[in-house]
Amino acid sequence: MILRRLVVTGRVQGVFFRDWTVEQARGLGLDGWVRNRADGSVEAVMAGAPEQVAAMIERARRGPPAARVDEVAVSEDASAEVLDGFEKRPTR
């Protein structure tokens, strides 16, 4: 199992990016969370099998139909809180 933090920039708020991420991540069997950030980006933390995490990162690079993804910054973050399941969190 691996854990990754993603910060997605572009037109990613107001286009159902969080709901789409929850749907995609649950479909891949990932644990974690996603939230909007005050700076206009979207942040997600996900844990799971390396293949599933890699698949979600690739999906995040495209995003939902109404989004325009400029960049997906991926990092390891051993201190991130991960839940059992995948949830949408409020903006921070």
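Predicted model only: the values in this text are computed from it and were never measured.

### Thoughts on the nonpolar core
In this structure, Leu6, Val8, Phe17, Leu30, Met46, Met56 and Phe86 are the most contacted members of the largest nonpolar core, which totals 22 residues. For this core, the secondary-structure elements that each account for two or more residues are β1 (2–11), α1 (17–28), β3 (42–48), α2 (50–62) and β4 (68–75). A total of five residues in this core trace back to one element, the largest contributor, which is α1. If you look at the next biggest cluster of nonpolar residues, it comprises five residues, including Leu3, Trp33, Ala47 and Ala80.

### Side note on the UniProt feature "active site" (unreviewed entry) in the chain
In the numbering used here, UniProt assigns the feature "active site" (unreviewed entry) to Arg18 and Asn36. The greatest C-alpha distance among the residues just named is 7.5 Å, despite their covering 19 residues of sequence, which places them together in space. Tracing the chain through its elements places arginine 18 in helix α1. Not counting the four nearest positions on each side in its chain, arginine 18 is found in contact with Val34, Arg35, Asn36, Val42, Lys88, Arg89 and Pro90. Tracing the backbone through its elements, the reader meets asparagine 36 in strand β2 (residues 31–36).

About the cut-offs
- Residues numbered from 1 in each chain as written.
- Predicted model: local features only at pLDDT ≥ 70, side-chain atom pairs only at ≥ 80, totals over all residues.
- Heavy atoms only, no water.
- Core = buried A, V, L, I, M, F, W, Y, C linked by side-chain atoms within 4.5 Å.
- Buried < 20%, exposed > 50% of the residue type's maximum accessible area, 1.4 Å probe, protein only.
- Helix = DSSP H or I, 4+ residues; strand = E, 2+ residues; numbered from the N terminus.
- UniProt positions renumbered as here; feature names shortened; annotations may be inferred.
- Contact = heavy atoms within 4.5 Å.

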